[in-house]
Amino acid sequence: MARATPSSRSLPALAMDQLQKLGRDIAIARKRRRMSLSEMAERMMVNIKTVQRLEKGDPAVSIGIVATALWVLGMHRRIGDLVTPETDQIGLQEDIKRLPRDFRRSKKQADITDF
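Note that this is a predicted model, so its numbers are computed, not measured. (Residues numbered from 1 in each chain as written. Predicted model: local features only at pLDDT ≥ 70, side-chain atom pairs only at ≥ 80, totals over all residues. Heavy atoms only, no water.)

A. The arrangement of the packing of helix H2 (residues 13-32) against helix H4 (residues 48-56) in detail. Contact pair H2 / H4: the axes reach a minimum separation of 5 Å and the direction vectors enclose 120°. For the element pair H2 / H4, the angle class is oblique. Taking contact as the criterion, the partners of Gln 20, Gly 23, Arg 24, Ile 26, Ala 27 and Arg 30 in H2 are, on H4, Leu 54, Glu 55 and Lys 56. Per-class residue counts for the contact of H2 with H4 are three nonpolar, two polar and four charged. (Axes fitted to C-alpha atoms, helices over the stretch in contact; angles between N-to-C directions. Helix = DSSP H or I, 4+ residues; strand = E, 2+ residues; numbered from the N terminus. Parallel < 35°, antiparallel > 145°, perpendicular 65-115°, else oblique. Contact = heavy atoms within 4.5 Å. Nonpolar A, V, L, I, M, F, W, Y, C, P; charged D, E, K, R; others polar.)

Structure below.
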């Protein structure tokens, strides 16, 4: 692995586990396509060590490298859907918490909307 940075040293264990799973999944996708490490590296325009680090889940591998790997594997559309607002359950819960407890129309609103 690359030199540990403060941000990679403070990475939560769960996040590290997910990066390692992503790396394993990328390796499986590469192998299912019968692509060697050197072929993958050549298509990504990186060296083999970078692909190996990616497949091990090294947190120091840039998101650009991840995006390029997904593009080479034909899975690039998925990266844009990782954090879509429609699937952000925590954000939705926070929006619901911020709703007013009681809603009363002002007299001005009532005059406008009542016919």
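Past the structure itself, the notes keep going.
B. The arrangement of H2 in detail. Compared with an ideal rise of 1.5 Å per residue, which puts 20 residues at 28 Å, H2 spans 28 Å between its outermost C-alpha atoms and is within 8% of the ideal. Within the sequence span of H2, burial applies to Met 16, Gly 23, Ile 26, Ala 27, Ala 29 and Arg 30. Each buried residue of H2 sits inside an arc of 165° when the element is viewed along its axis, so together they form one side. For H2, the exposed residues lying more than 90 degrees away from the buried face are Ala 13, Leu 14, Lys 31 and Arg 32. Its buried side turned inward, H2 meets helix H3 (37-44) and H4. (Expected span 1.5 Å × (residues − 1). Buried < 20%, exposed > 50% of the residue type's maximum accessible area, 1.4 Å probe, protein only. Arc of directions from axis to C-beta.)

C. Seen up close, H4. For H4, the complete set of buried residues consists of Thr 50, Val 51, Leu 54 and Glu 55. End-on view of H4: buried residues confined to an arc of 135°, all on one side of the axis. Those residues of H4 that are exposed and aimed more than 90 degrees away from the buried face are Lys 49 and Lys 56. Looking at the buried side of H4, the elements it contacts are H2, H3 and helix H5 (63-72). Of the residues that open H4, the one with a side-chain oxygen 3.1 Å from the backbone nitrogen of Lys 49 is Asn 47. Count one or two residues on from H4 and you reach Gly 57, which has phi positive near 85°. (Polar contact = N/O pair within 3.5 Å; in protein donor to acceptor, adjacent residues only side chain to side chain.)

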